[in-house]
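Each chain is listed here by its residues.
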Amino acid sequence: MSSVTVEPLLRYHRRTEVSGLRKVANSCYSSSSLNCSRQKLFHRGKCKLRLRRRPAAPVVIRASSSSSSNTALAETFESSGDVFFRHSFPVTRTETVEGKIFVRIDQENGKGNWHLTVGCSLPGKWILHWGVSYVNDIGSEWDQPPKHMRPSGSVPVKNYAIETPLKKASGDDSFYEVKIDIDPKSAIAAINFVLKDQETGAWYQHKGRDFKVPLVDYLLEDGTVFGANSFRPFFSNILLKPETQDHTQEPNNVKKEDRKVEGIYEEQPIAKHTAIENSVTVSVRRCPETSKNLLYLETDLPEVVVHWGVCRDAAKNWEIPPGPHPPETVIFKEKALRTLLQAKEDGRGCSGLFTLDEGLAGFLFVLKLNDNTWLKCKGNDFYVPLSSSSSLLAQFTQEHSKDSPVSVKALDQNQGSDTAFTNEIIKEIRNLVSGISSDNSRKVKTKEAQESILQEIEKLAAEAYSIFRSSIPTFKEEVVYEEELEKSPPKKSSGTGSGYEIVLQGFNWESHKSGRWYMELKEKAEDIASLGFTVVWLPPPTESVSPEGYMPKDLYNLNSRYGNIYELKELVGKLHESGLKVLGDAVLNHRCAQYQNQNGIWNIFGGRLNWDDRAVVADDPHFQGRGNKSSGDNFHAAPNIDHSQDFVRKDIKEWMCWLREEIGYDGWRLDFVRGFWGGYVKDYMDATSPYFAVGEYWDSLSYTYGEMDHNQDAHRQRIIDWINATTGSAGAFDVTTKGVLHEALERCEYWRLADEKGKPPGVVGWWPSRAVTFVENHDTGSTQGHWRFPGGKEMQGYAYILTHPGTPAVFFDHIYSSNYRSEIAALIAFRNRHKIHCRSVVEISKAARDVYAAIIDKKIAVKIGPGHFEPPNGPRKWSPALEGRDYKIWESS
Amino acid sequence: MEVSVIGTSQATFCSGGELAPCSRELRFCVPKRNGDALYFLDRNSRRRCRNSRLQLTLTAAAQSEPVRSDSFPVQEPATTPDSINKVKLFVGLPLDVVSDCHSVNHARAITAGLKALKLLGVEGVEVPVWWGLVEKEEMGEYEWSGYLAVAEMVQTVGLKLHVSLCFHGERQHKVSLPRWVLKIGESNHSIFYTDRSGEAYEDCLSLAVDDLPVLDGRTPLQVYKGFCESFRSTFAQFLGSTITGVTMGLGPDGELQYPSHHQPSNNNIPGVGEFQCYDENMKDQLKQHAASLDNPLWGLAGPHDAPTYNQTPDSSPFFNELSGSWQSPYGDFFLSWYSNQLLSHGDSLLSMASDVFTNTGVTTHGRVPLMHSWFKTRSRALENTAGFYSTDGKDAYEAFAEMFAQNSCGMIIPGMDLSDDEQPDQSMSSPEMLLKQIQAACKKHGVGVSGMNSGLRLNGFDRISKNVVGDENNVVDLFTYQRMGAEFFSPEHFPSFTQFARGLNQPFAGLDSDDLPTEETLPVEASVPSNAEMQTA
């Protein structure tokens, strides 16, 4: 049919054979388009109808003849002044190549020389970045392997790793591999590595962590194999996903003695993403005869569908132009047209010609490579102005004067942003509802669409459920709340102090031993104050079954192993004199009885609060309480107090008020608050209006297969829930932050210090003003050591908590029996100098494997971890202020 | 022909060649559908169009809906359960969706929830707007920010919003009346409903003070009206588009009733409740009423022989099945006065509301209770103490339906999830029959009925479906499912709800399979025809 329609394709005709021409002819045949050349065709007397009806041989002739007769046209398209627009859009798409990484340990010819082979089946400049761990290593940092282990070509990196390039495997060209000799007699416990592609700079890890090949369980000291079977589960768990591994055992028949040993072999699939540059060229020419525009689009992309429409003004609202449309065009949901471009004759890409009416302002399109991959122009639709004189053309030129490559947007449902995806679906539904769906001709697959919508609904519902269930103010609200507080100048608000508090835990697990702790501490009062502390937490003061005071008996008897009531008052007086506030350690969860009931159970109390067994919770069978069920967890070593009893609460309130008045405590540290409902704590706080209060809500973080989860939201949620139950009248120790610091520092996984939202991962990230951050206390450390901070890294912990929001609490031992005193003092002074407070704003700058860095209140910067970080010198000038092992702090000037 | 173009996509015509220009012109001359569009569409013309050659019923169902639902305020008897009759599903937002400090509680959860509902084809959400929150501190000082944020969230997702104006408190969720009202109440207890023992019900003002200047010189009715007007002007941009309906709070729990049964019962059997006519103003009015009937002795107090809250009808003489004084002339005197008080209270509130919301594009509603216990007795005590003079031979609902009709208000009936089988035998209860009775009254007077469930339950869905779509005598245009929250989205509940929602005639579930997206979602936002927004707006 129309000569002009096929014209761009015909440019290739001369170079091609009949089959190619037939294709062209066919596409002409299938087209029903009426365009400008129709007229011309009639004018020349060519037989349009014949062309349409006979696709075979005559077409070839016709096509070639039209080709020759239209050569001039083809050239004019390129050369004539009619072409008012021509632009080449660069397009980058990502191609994914899949391959595998394998790890093999075998023995060479039974000589006792063991090798670890790491290989990869994809082409690339592969580098093995590796290190070793020794048997008695506690930390997770790597060491450089001993010299004799390093294959030739290895380059040391820093002081803990080396890099060895992979080489083409002998025998099989498609593999790249590196061999490392293993000496079974060495003390190397494991080899750790990641694979790095130097071309793309990409790192390949195992499930987001280093590969780790443990050796110690595998090779016995005499160099023989312990047996692959006993070893495999360990290996599998750590190294590879069980479902993807394709392990083949390669038994080596070893002649050495009669022992049969086996090697091991594991694989992991990997995918490498390569960016491929392509381009799309669009030219538009005006056909003077018909006053229509011809748009020719060609690209070197293989098979591609153009998803297009036109617009009438600068608003670029998509419209479907009136037909006829090019061949292989379908209408997509009444909103756009989809045209499959025809393969070019030289096989390199494809092209298409679009005839467009006059009066249209622009041609809009995106390219669809496959179901998940769309090519857009800088995130927008491609736009081609259709009027030579219009301002749109000028605008286009302006916009594209600095051409950046077009990016690929893969609309993969799993990877794409959920919200965006949902919005898309919602829009789809909205469109359907608004009556666009009237085209009966579309009877196509719907099941998958329905399924995906249902899945999306489920996902959303699950999200809503989890938030509702936790029934806490969301983080967003917290911000509002904090800001509200911020507006009023920092004032004494119940339970949170001034906001600038720094707490010293004024004792350790051994402090009772001397019998005169109060007096000893009194001598330190001035010193404590001069270090910059504002609050001191004293040990539990009551008579107690255990000398440390946490098994209280008669609450009104304040003679303890720490000293008597007069000494206590003296100490508190002295601390007050020094300008310090004092926290009393109130043990409210449990109380030791003085008498037995008729069954011989110790559950009758003595002293001034001579409660009977109605004051004991009913659900701990050991103590046969007659109260209500516990409103929290049970502490099994002593009768748990039933706080739901009015008389109990009344007595406790009285007692605490007495302590406030008689002793002069300014606030509370509340022991084991997991044991009873936070609402009762609120009751007590309301009754005693403490200056500062903090509860110990300590339970376990979440671990999966012995490894701490990155997301500790559930853990901090429980603490937040408790604070909420107290309606914020008390803060809580930020156990979450301590836990995350442990992992981050110990395993060199500093990325853990940012949560998924880029906030601090502990309670301090959610409710900073109620978080009391700490590194160690009398339980976790001291002589008990239930959960000791990674040894030698305490200063990193302090660098973190003393620069961050929340109220930091420093452990006694770290000031008075360690070398950290001066360093901590410097940090405290620094915190006070810069007026960092419990609601300061953290901006996390970096949370990488080996370094974490943040800027707080825009005035100080801190990094912890061995990695490198420098605060960016922009409008602010940063100068180093403090530095210690693996931490550094800057202040802006 | 004009009618046909509503909601018909341009593209349909494009493929039809010469019709294309025609359709484009017409599309723009059709008025916004939520406005007065319906007035030039009489039912005949709609019908004609549906039969026309162009198959104009291809307009998506959602387009035709508003035409129908908008039709009841103009008193068109809703008697045509034609093919387009379809129940719109709403879901209630949590009662505490807006917090004390006017922020949106659980905003993230709500956003996710709204999206899920939209995908599910739910029409919209209902939001309870608390008087005690918006006008908390001082009379005439309104703080709407929290609810504005909610309206915006709802609009963004593309759902509709039905607003319930709540002039009552909710003990369970610690929502009370405005502080300044409670303060007035401290010195003037008689603004609250009071029972025989003198105990005041502080979650709602007594209807007896509706027209008394008890609130710093203003009458409660004036205060309610000020609230409604403030709402109207604050939400003007949403009215008629996102906000499609308003429910006027009429009493305890928002329902048109006396707080006669607010004390929880000790067992499964609800008692009969107590008459609430013992505040000073009620007593005065009763006295006057009795005097006007020349029976001053009857106006000295309420029935002396009525049972208390959790007693059974037969436990004392008034409601006794056979010999109760409810059948006596005194009983008739008292019960009709008591019920008429409620009726005229409802009348003045609803007429005020429909006045305020006239020409805003929203429909006005009121809610009545479903007092189903003791329905199968002759004295129907629970309904009577709540204010509905319904006994053997009396049907209070007729009068109430007529009152709703006069004020062009739709009636919301709760408890559509309740079935007779689940009720304990001793309670002589029949939610199903009571519902039928109320619906019949509504039908008779042309009042549009909307449904609501009594609460989240797993086994109520069948009953709801039956009630809203099952019976052609049921004229239910809208069903509000109560209510969003953790339990709503729990794995135990949400799947059942999904099934229920899809089972209703909702866009997503109800579309022919042909109409669903055929492929992955569109990458091109701009490819949505510009008129799509207008059509759904």
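Refer to the structure above for everything that follows.
Residues numbered from 1 in each chain as written. Chains lettered and ligands numbered in written order. Predicted model: local features only at pLDDT ≥ 70, side-chain atom pairs only at ≥ 80, totals over all residues. Heavy atoms only, no water.

This next bit is on the pairing of strand 26 (residues 581–586) of chain A. All names here are of chain A. The element strand 26 is largely enclosed, with a buried count of five among its six residues. In this sheet, strand 26 lies alongside strand 25 (residues 535–537) in parallel orientation, the contact comprising three bridges. From the neighbouring strand, V536 faces strand 26, where its bridge partner is V582. On the question of chirality, the crossover connecting strand 25 to the parallel strand 26 by way of helix 13 (residues 565–577) is right-handed. For strand 26 and strand 29 (residues 667–670), the ladder comprises four bridges, and the chain directions are parallel. Each bridged residue has a counterpart across the sheet, and for D585 the counterpart in strand 29 is R669. (Buried < 20%, exposed > 50% of the residue type's maximum accessible area, 1.4 Å probe, protein only. Helix = DSSP H or I, 4+ residues; strand = E, 2+ residues; numbered from the N terminus. Pairing = 2+ DSSP bridges. Right-handed = clockwise from strand over helix to strand, strands pointing away.)

Turning our attention to the side chain of S316 of chain B. Residue and element names in this part refer to chain B. If you trace the backbone, S316 turns up in the loop between helix 11 (280–292) and helix 12 (329–356). Among the residues examined, S316 registers a relative accessible area of 14% and is labelled buried. A distance of 3.4 Å separates the side chain of S316 from the backbone oxygen of D305, its partner in a polar contact. With sequence-adjacent residues up to four places away left out, S316 is seen in contact with D305, A306 and P307. (Polar contact = N/O pair within 3.5 Å; in protein donor to acceptor, adjacent residues only side chain to side chain. Contact = heavy atoms within 4.5 Å.)

Our next topic: the sheet that holds strand 24 (residues 503–505) of chain A. Residue and element names in this part refer to chain A. The eight strands are arranged 24-25-26-29-30-33-34-35 in a closed barrel whose pairing can be described as parallel. Here the strands of the sheet are splayed against their neighbours by 25° on average, with no regard to which way each runs. In this sheet, strand 35 (residues 807–811) lies alongside strand 34 (residues 771–774) in parallel orientation, the contact comprising three bridges. Looking at strand 35, one finds that T773 is bridged to P808. (Axes fitted to C-alpha atoms, helices over the stretch in contact; angles between N-to-C directions.)

Because the α-helix completes a turn every 3.6 residues, residues three or four places apart line up on one side. Taking burial as the measure, the eight residues of helix 19 (residues 794–801) of chain A include eight buried ones, the bulk of the element. Considered for burial, the residues of helix 19 of chain A that qualify are E794, M795, Q796, G797, Y798, A799, Y800 and I801 of chain A.

Residue R483 of chain B follows Q482 of chain B across a cis peptide bond; omega there is 0°. If you trace the backbone, R483 of chain B turns up in the loop between strand 10 (476–481) and helix 17 (494–503). In this structure, C748 of chain A is a non-glycine residue whose phi angle is positive, near 55°. Tracing the backbone shows C748 of chain A in the loop between helix 17 (735–746) and helix 18 (763–766). Positive phi outside glycine occurs at D294 of chain B, with the angle close to 60°.

Looking now at the sheet that holds strand 6 (residues 243–248) of chain B. Residues and elements named next belong to chain B. Read around the closed barrel, the eight strands follow the order 1-2-3-6-7-8-9-10; overall the barrel is parallel. The sheet shows a mean angle of 30° between the axes of neighbouring strands, taken without regard to direction. Taken together, the seven bridges between strand 2 (residues 124–130) and strand 3 (residues 160–166) define a ladder with parallel strand orientation. Across the sheet, V127 pairs through a bridge with V163, a residue of strand 3. The strands touched by helix 14 (residues 396–406) are strand 7 (363–367) and strand 8 (409–413); relative to strand 8, the strand with the most contacts, the crossing angle is about 140°.

The packing of two helices is summarised by the inter-axis angle and the distance between the axes. All names here are of chain B. Relative orientation of the contacting elements helix 14 and helix 15 (residues 431–445) amounts to 45°, with a least axis distance of 8 Å. With respect to their mutual orientation, helix 14 and helix 15 come out oblique. Handedness of the helix 14/helix 15 crossing: right-handed. Judged by residue contacts, Y397, E398, A401, E402 and A405 of helix 14 engage L434, Q437, I438, A441, C442, K444 and H445 from helix 15. A breakdown of the residues in the contact of helix 14 with helix 15 according to their chemical character gives seven nonpolar, two polar and three charged. (Parallel < 35°, antiparallel > 145°, perpendicular 65-115°, else oblique. Left-handed = near helix turned anticlockwise from the far one by under 90°. Nonpolar A, V, L, I, M, F, W, Y, C, P; charged D, E, K, R; others polar.)

All names here are of chain B. Under the definition given, this model contains 63 aromatic pairs over all chains. Relative to Y330, the ring of W298 has its centre 5.7 Å away and its plane inclined at 70°; by these criteria the two rings are edge-to-face. Placement of the pair is W298 in the loop between helix 11 and helix 12 and Y330 in helix 12, with a sequence separation of 32 residues. Given the relative accessible area of 25%, W298 is considered partly exposed. (Phe/Tyr/Trp six-rings, centres within 6.5 Å; stacked < 30°, edge-to-face > 60°.)

Moving on: the pattern of salt bridges. Pairing between side chains of opposite charge can happen when the charged atoms of each approach one another. Summed over the entire model, instances satisfying the criterion amount to 41 salt bridges over all chains. Here D683 of chain A ties to K653 of chain A by a salt bridge, and the two come within 3.4 Å at their closest N and O atoms. Taken together, the positions of D683 of chain A in helix 15 (residues 678–688) and K653 of chain A in helix 14 (residues 646–663) put the pair 30 residues apart, joining distant regions of the chain. On the accessibility criterion, D683 of chain A (23% relative accessible area) is partly exposed. Between R457 of chain B and D417 of chain B there is a salt bridge; the shortest N-O distance is 2.9 Å. Separated by 40 residues along the polypeptide, R457 of chain B in the loop between strand 9 (449–452) and helix 16 (461–470) and D417 of chain B in the loop between strand 8 and helix 15 bring together distant segments of the chain. (Salt bridge = Lys/Arg side-chain N within 4 Å of Asp/Glu carboxyl O.)

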